[in-house]
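Structure assessment
As a plain string of letters, each chain reads:
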Amino acid sequence: MLLRGFTSVRDAGGPAIGLQKAIDRSKAVGPRIYPSGPVISQTSGHGEHRHYTEPHPNFEGASPSFFNQHVEFLADGVPEVLRATREALRMGATQIKVMAGGGVSSSTDPLHTVQYFPEELEAAVKTAADWDTYVLVHAYNDESILRSIEAGVQSIDHAQLMTEVSAQAIKDADVWVVPFYSHLGLDEETVVKVLGPLAAPKFLAVQAGSRNQMKLLKEFGIEKVAFSTDIIGDPAALTKQNDEFKYRLEEWSSYEVLMQATSKAGELLALSGKLNPYPKGPLGVIAEGAYADLLLVDGNPVEDAMIMTDYENNFDLIMKDGVIYKNTLD
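With respect to the helices, strands and loops of the structure, Ser 36 is situated in the loop between β2 (32–35) and β3 (39–41). It is 20 Å that separates the C-alpha atoms of Ser 36 and Pro 64, two residues lying 28 residues apart in sequence. Separated by 2.9 Å, the side chains of Ser 36 and Gln 95 make a polar contact.

Have a look at this one:
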């Protein structure tokens, strides 16, 4: 990611805390990481990835898997949500990720589902606020978005199935939206082949809603939009991370997309408050006192952000905190 030009990233759930520590201690090379720790999900929610016959990790006698220890916590009811949130914070999360609605990769929850009662979401929000940080949620549909906003959530991630109803609510509440569009380049045959017959229809529904979402965000003048890819795991897929610039240009100007990937993203990261692991200065801006993060780009991305997709040939210099990690200048 660092050599693709990303000097700071928010990891939206999973076992990234150890990697963050290794990078910060100069044991590994990479971007600054704002880790969310294990995601928090209700039973049969989007954070549910057990085999069908695998016992619930919270039942007596069950042995939690690696997933249940480092990737996702299953928590039902206010007491369990409180415990899961506090455990993620204990592990080093800088913000909390909660699954508030149905998802693509999980097999037990249709996209239309709304996950967590208001009081459960509020429990996570209040606990995070006590630590001076915030909650981001996985949500696609209006009902999940509205319930999350009412609970005090500050960042709605994905939201591709939103309508005018939730667009207005997002605008009124002045919360962040963190969508992703790199999936728009996938055709139906590839999706079915890769994801299989259960997940593919859900993926295609999200894909179909994406361009409508972009239009709504523009129409309602929602400016708190940050850059995201939702690409995980597969190293080959991760090489396509910068393609996100291309698809956002369908609706936003080059300048707006660059803002989403830099200063806007920096504002979002700063919501971690006193848990911000990098408090020395602001991110995503060139200003006195800011982190010395610079890209020297062959061309003018403010006029044409497509330049950002070809990071191998167009990024001549990559600097993070004053240290140069790539330099092809003569």
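From this point, things continue past the structure.
What follows concerns the packing of helix α3 (residues 77–91) against helix α4 (residues 118–130). A packed helix pair is summarised by two numbers, namely the angle formed by the two axes and the spacing between the axes. Interaxial distance between α3 and α4 falls to 9 Å at its minimum, and their mutual angle equals 30 degrees. Accordingly, the angle class assigned to the pair α3 and α4 is roughly parallel. Between α3 and α4 the crossing geometry is right-handed. Residues Gly 77, Val 78, Val 81, Leu 82, Thr 85, Arg 86 and Leu 89 of α3 pack against Glu 119, Glu 120, Ala 123, Ala 124, Thr 127 and Ala 128 of α4. A class-by-class count of the residues in the contact of α3 with α4 yields seven nonpolar, three polar and three charged.

So, about the pattern of salt bridges. On inspection of all chains with the given rule, the structure shows ten salt bridges. A salt bridge links Arg 90 to Glu 87, with the nearest nitrogen and oxygen atoms 2.8 Å apart. In this pair, Arg 90 and Glu 87 are both assigned in helix α3, three residues apart and thus about one turn of the helix distant. For Arg 90, a relative accessible area of 60% corresponds to the exposed category. Judged by its relative accessible area of 29%, Glu 87 falls in the partly exposed class.

Take the sheet that holds strand β11 (residues 323–327) next. Taken in spatial order, the three strands line up as β9-β10-β11 in an open sheet, and their pairing is antiparallel. What marks the edges here is a single partner per strand, and that holds for β9 (294–297) and β11. Each adjacent strand pair in this sheet contributes to an overall mean axis angle of 10 degrees, direction not counted. In this structure, strand β10 (residues 315–320) lies alongside β11, joined through four bridges in antiparallel fashion. Opposite Met 319, over in β11, you have Ile 324 as the bridge partner.

Conventions and cut-offs
- Every chain begins its residue count from 1, and numbering advances along the sequence as written.
- Only residues with pLDDT of at least 70 get local features here, since the model is predicted, and only at 80 or more are side-chain atom pairs given and counted; chain-wide, interface and lining totals rely on the full set of residues.
- Excluded from the side-chain calculations are hydrogens and water; all other atoms, namely the structure's heavy atoms, are used.
- Numbering goes from the N terminus for both helices and strands, where a helix is a DSSP run of H or I of at least four residues and a strand is a run of E of at least two.
- Here a polar contact is recorded for every N or O atom pair within 3.5 Å, except that within protein the pair must consist of a potential hydrogen donor and a potential acceptor, and residues adjacent in sequence are included only if both atoms are side-chain atoms.
- Here, axes are lines fitted to C-alpha atoms. For helices the fit covers the stretch in contact, and angles between N-to-C directions go from 0 to 180 degrees.
- The labels follow the angle: roughly parallel below 35 degrees, roughly antiparallel above 145, roughly perpendicular from 65 to 115, and oblique for the rest.
- Handedness of a helix crossing follows the sense of rotation of the near helix relative to the far helix, less than a right angle counterclockwise being left-handed and clockwise being right-handed.
- Any two residues whose heavy atoms approach within 4.5 Å are treated as being in contact.
- Under the convention adopted here, Pro, Cys and the residues Ala, Val, Leu, Ile, Met, Phe, Trp and Tyr are nonpolar, Asp, Glu, Lys and Arg are charged, and Gly plus all remaining residues are polar.
- Any Lys or Arg side-chain nitrogen located within 4 Å of an Asp or Glu carboxyl oxygen qualifies as a salt bridge.
- Each residue's exposure class comes from its accessible area (1.4 Å probe, protein chains only) as a fraction of the maximum for that residue type: buried when under 20%, exposed when over 50%, partly exposed otherwise.
- The criterion for strand pairing is that DSSP finds at least two bridges linking the strands in question.

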